[in-house]
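Chain residues, written in single-letter form:
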Amino acid sequence: AQSVTQPDIHITVSEGASLELRCNYSYGATPYLFWYVQSPGQGLQLLLKYFSGDTLVQGIKGFEAEFKRSQSSFNLRKPSVHWSDAAEYFCAVGTPGGGNKLTFGTGTQLKVEL
Amino acid sequence: DTAVSQTPKYLVTQMGNDKSIKCEQNLGHDTMYWYKQDSKKFLKIMFSYNNKELIINETVPNRFSPKSPDKAHLNLHINSLELGDSAVYFCASSQFSGTGTGTQYFGPGTRLLVL
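Residues numbered from 1 in each chain as written. Chains lettered and ligands numbered in written order. Predicted model: local features only at pLDDT ≥ 70, side-chain atom pairs only at ≥ 80, totals over all residues. Heavy atoms only, no water.

With respect to the pairing of strand E6 (residues 53–57) of chain B
In this structure, strand E5 (residues 43–50) of chain B lies alongside E6 of chain B, joined through four bridges in antiparallel fashion. Considered in E6 of chain B, the bridge of Tyr 49 of chain B is made with Leu 54 of chain B. (Pairing = 2+ DSSP bridges. Helix = DSSP H or I, 4+ residues; strand = E, 2+ residues; numbered from the N terminus.)

This is the structure:
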């Protein structure tokens with residue numbers, strides 16, 4: 001069965017600093033990978049996804065993620081964080097033929113210092 | 001025009017009661033899901049319906065029963081509520097893909113508190 005690990009429970013960065021949120025997955029083949037963001041009291045919004053092709057994926061709000069098969073990772077990055085990026089970030093994995101089932105990581109809470 | 005909507009947004013009830021949460025999507029998707037997010041923010045799938053047919057049924061107590069009257073609606077009925085049922089319940093929808101690539105769109109969540 002697939003699994004997702006987000007090693008960092010909390011991360012604090014200063015506004016304007018760069019950001020990298022880590023995500024590692026466990027799956028025997030190439031999975032489908034997603035990053036979602038959850039603002040306080042809100043639902044989940046899709047930031048970006050990787051299915052195949054170019055391993056560097058661009059998403060909304062200036063986010064990007066890079067799929068690295070050798071490291072089983074799909075880290076999320078942003079060159080310059082804005083205070084409005086403070087939220088909970090979830091990495092998720094879906095598998096081919098998995099009935100569209102998503103398995104989520106435990107999330108990383110991002111705080112932005114002004 | 002909300003894509004995936006849930007009612008109610010908040011639900012406070014006593015142990016032992018029966019309650020329902022409703023979900024509707026206007027995206028034209030054929031697959032809908034229920035997820036449970038616990039107090040530690042861990043998000044886990046409970047059920048999935050494709051064209052009103054149950055396709056994912058994780059290990060969920062029998063007290064939880066999803067019902068899909070049509071492909072735009074997926075309701076969740078919970079019998080004999082317990083303290084441990086307190087959580088945020090999210091509905092989601094997607095267009096089904098046999099390859100597992102359907103992107104899921106989430107509703108705003110229903111915050112259930114069992115006293």
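With respect to the state of the cysteines
Inspection of every chain in the model, using the stated rule, returns two disulfides over all chains. The disulfide bridge from Cys 23 of chain A ends at Cys 91 of chain A, spanning 1.9 Å between sulfur atoms. In this structure, the disulfide formed by Cys 23 of chain A and Cys 91 of chain A twists by about -65 degrees around the S-S bond and is classed as left-handed. Remark: Cys 91 of chain A occurs in strand E10 (residues 87–94) and Cys 23 of chain A occurs in the loop between strand E3 (19–21) and strand E4 (24–26); sequence separation between them is 68 residues. According to the relative accessible area criterion, Cys 91 of chain A is buried, its value standing at 0%. Disulfide pairing is shown between Cys 23 of chain B and Cys 91 of chain B; the S-S distance is 1.8 Å. On the S-S bond that ties Cys 23 of chain B to Cys 91 of chain B, the torsion sits near -80 degrees, and the link is left-handed. Of this pair, Cys 23 of chain B sits in strand E3 (residues 19–25) while Cys 91 of chain B sits in strand E9 (residues 87–94), and the two are 68 residues apart along the sequence. (Disulfide = S-S within 2.5 Å. Buried < 20%, exposed > 50% of the residue type's maximum accessible area, 1.4 Å probe, protein only.)

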